[in-house]
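Given next are the chains, with one letter for each unit.
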Amino acid sequence: MNLLIRTILIIIIITALGFSQTIEERRQLEEFASTKAKEWHTERANAESLATKLGLPIRQEFPDGSVIELQRFDNGLPMYYQTHNINAAKTVSTDKVWPGGSGGFSLTGSTDTLGIWDGGKVRETHQELTGRVIIVDNVSNSAHATHVGGTMIASGVVSNAKGMSYQGRLRSYDWNNDNSEMASAAAAGLKVSNHSYGYITGWYTPGTGWHWYGNTSVSTTEDYQFGFYSTYTRDWDSIAVNAPYYLIVRSSGNDRLEGPSSQPVTHSHSGSGSYTCTHNLDGGPNGYDCISYNGVAKNILTVGAVNDIVNGYSQPSDVVLASFSSCGPTDDGRIKPDIVANGIELYSCHSQTNSAYATASGTSMSTPNVSGSLGLLLQHQKNLHGNNPMRSSTLKGLVIHTADEAGANPGPDYQFGWGLLNTLKAAQVMSANASAGGNKNIRELTLTQGQTFEIPVNSDGTQPLRATICWTDRPGTPPPPSLNPPTIMLVNDVDLRIIRGANNFQPWILDRNNPSAAATTGDNIRDNVEQVHIASPTAGMYTIRINHKGTLVGGSQVVSLIITGANFPSLTVASPNGAETWNVGTTKNIQWNSTYLTGNVKIELSRNGGSTYGTIIESTANDGNENWVVTEPASSQCIIKVSSVDAPSLFDISNANFTINQLSNVYVSPSGSDVTGDGSSSNPFQTIQHGVNSVSTNGTLNISAGTYNESVTINKNLTLNPTSTTAIQSITLTNSCNVTLNNNIQINNNLNLNG
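Calculation notes
Residues numbered from 1 in each chain as written. Predicted model: local features only at pLDDT ≥ 70, side-chain atom pairs only at ≥ 80, totals over all residues. Heavy atoms only, no water. Helix = DSSP H or I, 4+ residues; strand = E, 2+ residues; numbered from the N terminus. Rg over C-alpha atoms; globule rule 2.2 N^0.38 Å. Buried < 20%, exposed > 50% of the residue type's maximum accessible area, 1.4 Å probe, protein only. Areas by Shrake-Rupley, 256 points an atom, 1.4 Å probe, with all protein chains shown as cover. Polar contact = N/O pair within 3.5 Å; in protein donor to acceptor, adjacent residues only side chain to side chain. Phe/Tyr/Trp six-rings, centres within 6.5 Å; stacked < 30°, edge-to-face > 60°. Lys NZ or Arg CZ within 6 Å of the ring centre and 35° of its normal. Pairing = 2+ DSSP bridges. Axes fitted to C-alpha atoms, helices over the stretch in contact; angles between N-to-C directions. Contact = heavy atoms within 4.5 Å. Left-handed = near helix turned anticlockwise from the far one by under 90°. Nonpolar A, V, L, I, M, F, W, Y, C, P; charged D, E, K, R; others polar. Salt bridge = Lys/Arg side-chain N within 4 Å of Asp/Glu carboxyl O. Parallel < 35°, antiparallel > 145°, perpendicular 65-115°, else oblique. pLDDT = per-residue confidence, 0-100.

Looking only at helices and strands, the protein has 10 helices and 44 strands in total. Relative to its length of 755 residues, the protein is extended, with a C-alpha radius of gyration of 35 Å against a globular reference of 27 Å. The principal-axis extents of the C-alpha atoms in the protein amount to approximately 120 × 55 × 50 Å. Within the protein, buried positions represent 56% of all 755 residues. Put simply, the protein shows about 28,600 Å² of open surface, and 47% of that area lies on carbon and sulfur atoms.

Below is the structure:
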């Protein structure tokens, strides 16, 4: 291939994938890729040399299509990658977003290219895949990779083998040097990749004989790498931080309760020697804490496996965990897996011939069920928003938020994570957000140091109110090798609450020390996903509050927020809205417009351009208008603020300053009106007291002849200018006021001088 053609192809591929990282993020990814490539080649060469001396295999492929391959030695122990082998679209409601599906979306995955790293290459000439697979690592065909790739994008020549994104494209890599290749692909714009493999951990059998891969210098009971946040885990979190639009989808593994049916049994340690000592089954007697290495990374989507639901989901009991599916928690108590999907007896492509098919089970199969479905959501995002992609934290948060409930108790757990993938619900939330004008159901917020976001929402009380936040957290610092260290790996601790009056609704939490216990609610200090769920909300206003603890590393944190079960209220001040002049003493009508706002409103006034506000009406009905008698002092920098009493973060202010004017000449007449008058000679006020309140200090109050049956208090310097003899019940002078009388006033009661 000549250089020009190669350059054009690279440009086409990069353009199709789209760029989303900043220049600095791409630089970091490319530097990471270069460093990891050098590390891998050195470690692999050393590993092959040592394995040859020890008589250990470099690579093995088995009749069922599973593969193991040596990657490196760590602390003297061989590290092998292994594939995670064991009517998927119906189970996760993906078929409902296909053309002709009940969701009405017609999504096929045709707009996007997904990535796959596996134990070999996808057979690109298979009849289900022809013309849509780009081979990056030109190694031998892999039955496992072809089956996984088919689950992601098979066209459906054989209908039962139809993939999730059945018109999508695929870039096929083998798993060697994966960290470097992933970083490079992310820098070029890759959005989603599938990884149905991981390091051998704990017990392992290739079909005959047992091997235990734990590090006996750390623990002879269990492999400490289960749940442990290692340097390998940190590497994937590092990639994710520098590639904020790239979501890594990884199988949780098939280690649950793995091990010999009875012990002692003769076995090797990491492929060497012969031992009869005993070790726990992977996950212990109850099958918890058996996800290892990269699978416990914070910023990826870890997928467990469940049985097929042929007729589709209807209730939590429909979701049955596959017996082999690895479960959490992580050592620091984080929720893993994140999501589950069908991983039992998936029918898909096989690499033997261009028309071969096979049935396989495992989290290897549930994972492409998810990653292929994400390709449909990427297409839906483009349909709705063009080339504006969603962040990986948004995509992850969305599928977690919309997952179908699974397990014996409400909320997340360490077996099913947040539940069963529901592609239809995710697409529906995306559409609802777009229909509302965007930035409603789905938001990407940049939280700065010390900042709090408060988002008002309205519940009609007929459906659950739910909010989920997810953020790409900075890599944690791996603790020293040890068994189940509780050291928290969360770096930026963001908090989510929903507030209604004195009620503070907190997010779900789990107990790492009691992994089978039902989820409760409280302060989540472990996960970079938080969800608040109010099953039966009282109708009315709520406030979604997002803030953080401590210091934000990096100074800020982008947080993805998903909201359902809510209407999004609006409030707009209509009058005064700038440039009006309102005279002191006149009655003016403050007006506002609102939607989905229930409860009363509060009205405040600023006379200094919005620097400070004073309350003029504490609480009044949200009927869109309120009469107010304009008070002094005068100002040309006045702003009205109207806010929800129940959700104060919902408010609006005048678009610009208006003026409150105090007249120096005010007119009063017994035939005037304090409500509709403006204090002018042609439209006077009715009472002297109203005129006193309205006139400026040292101004003149012009009083028409007549009898005023009122007591008047004067607390400012002014001139009383009656047109002729005027009768007043009483006058009280306060604050050492100087009052000039230009004519006769008849006082029928008292003249009080106070000061």
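Now that the structure is up, let's keep going.
What follows deals with the side chain of N458. Tracing the backbone shows N458 in strand β19 (residues 453-459). The buried category is assigned to N458, whose relative accessible area is 5%. In this structure the side chain of N458 is engaged in a polar contact, spanning 3.3 Å, whose partner is the backbone oxygen of Y596.

Ring pairs (aromatic) are described by centroid distance and by the angle formed between their planes. Overall, the coordinates contain 17 aromatic pairs when judged by the stated rule. Here Y81 and W175 contribute two aromatic rings whose centre-to-centre distance is 5.4 Å and whose plane-to-plane angle is 45 degrees, an arrangement assigned as tilted. Residue Y81 is classed as buried on the basis of its relative accessible area of 3%. Their ring planes at 55 degrees and their centres at 5.3 Å tell us that Y199 and Y232 sit as a pair that is tilted. Pair noted here: Y199 is in strand β8 (residues 197-199) and Y232 is in helix α6 (residues 231-242), with a separation of 33 residues, a long-range link. Judged by relative accessible area, Y199 falls into the buried class, the value being 2%. Linked through ring pairs, Y81, W175, Y197, Y199, Y232 and Y293 together constitute an aromatic cluster. One residue, K162, lies across the ring of W98, its end atom 4.2 Å from the ring centre. Directly above the aromatic system of Y542 lies the positively charged group of R500, at a separation of 5.2 Å from the ring centroid.

All right, on to the sheet that holds strand β42 (residues 739-741) then. Read across the open sheet, the 4 strands follow the order β37-β38-β40-β42; overall the sheet is parallel. Only two strands of the sheet have a single partner each, and these edge strands are β37 (665-668) and β42. On average, adjacent strands in this sheet sit at an angle of 20 degrees to one another, irrespective of strand direction. Looking at chain direction, β37 and strand β38 (residues 699-703) are connected through 4 bridges and run parallel. Bridge pairing in β38 links N665 to T700.

So, about the pairing of strand β41 (residues 726-734). Note on strand geometry: in a regular strand, side chains alternate between the two faces of the sheet. Of all 9 residues in β41, 8 are buried; the element is thus mostly enclosed. Note that strand β39 (residues 706-714) and β41 share 7 bridges and pair parallel. Residue pairing in the sheet places S711 in a bridge with S730 of β41. Summarising the sheet, β41 and strand β43 (residues 745-747) pair through 3 bridges and their orientation is parallel. By the bridge assignment for β43, A727 is matched with Q746.

A few words now on the environment of F226. With respect to the helices, strands and loops of the structure, F226 is situated in the loop between β10 (210-212) and α6. Assessed through its relative accessible area of 2%, F226 is described here as buried. Along the chain, F226 and D255 lie 29 residues apart, while their C-alpha atoms are 9.7 Å from each other. The contact partners of F226, leaving out residues within four places of it in the chain, are T201, G202, D255, D282, D289, C290, I291, S292, D331 and N484.

For the pair helix α4 (residues 143-153) and helix α7 (residues 363-385), interaxial distance at closest approach is 7 Å and the crossing angle is 35 degrees. In the packing of α4 onto α7, the handedness of the crossing is right-handed. For the pair α4 and α7, the contacting residues are H144, H147, V148, T151 and M152 in the first and S364, M365, P368, N369, S371 and G372 in the second. Considering only residue class, the contact of α4 with α7 consists of 4 nonpolar, 7 polar and no charged.

Glancing now at the pattern of salt bridges. This structure, assessed with the given rule, holds 22 salt bridges. Residue E124 pairs with K121 through a salt bridge whose shortest N-O separation is 2.8 Å. The exposure class of E124 is partly exposed, given its relative accessible area of 25%. We classify K121 as buried; its relative accessible area is 7%. One connected set of salt bridges, linked through shared partners, spans R44, E48, R59, E61 and E69.

Time to look at the sheet that holds strand β9 (residues 203-204). Strand order in this open sheet of 4 strands is β9-β10-β12-β13, and the pairing throughout is mixed. The sheet terminates laterally at β9 and β13 (272-275), the two strands that pair on one side only. Here strand β12 (residues 267-269) runs beside β13; their pairing, made up of 2 bridges, is antiparallel. Residue pairing across strands places H269 opposite S272, the latter belonging to β13.

What follows deals with the pairing of strand β2 (residues 67-74). Among the 8 residues of β2, 7 are classified as buried, and the element is accordingly described as predominantly covered. Looking at chain direction, strand β1 (residues 59-61) and β2 are connected through 3 bridges and run antiparallel. Residue R59 lies in a different strand from β2, and its bridge partner there is E69. Turn length for the β1-β2 hairpin, with the two strands adjacent in sequence and antiparallel, is 5 residues, and the turn residue G65 shows positive phi of about 95 degrees.

Moving on: the packing of helix α2 (residues 23-54) against helix α5 (residues 178-187). Interaxial distance between α2 and α5 falls to 7 Å at its minimum, and their mutual angle equals 160 degrees. As the angle between them shows, α2 and α5 are arranged roughly antiparallel. Here α2 runs over α5; the crossing is left-handed. From α2, R26, L29, E30, F32, A33, S34, K36 and A37 reach across to α5, where they touch N179, S180, A183, S184, A186 and A187. The residue inventory of the contact of α2 with α5, partitioned by class, reads 7 nonpolar, 4 polar and 3 charged.

Bringing the confidence of the model for the protein into the picture now. Taken as a whole, the protein shows an average pLDDT of 92; of its residues, 96% reach a score of 70 or greater. Low pLDDT, under 50, characterises residues 1-19; the stretch is placed with 17 contacts to residues that sit more than four places away or in other chains.

Glancing now at α4. Among the 11 residues in α4, 11 count as buried, and that is most of the element. Buried within α4 are the following residues: A143, H144, A145, T146, H147, V148, G149, G150, T151, M152 and I153.

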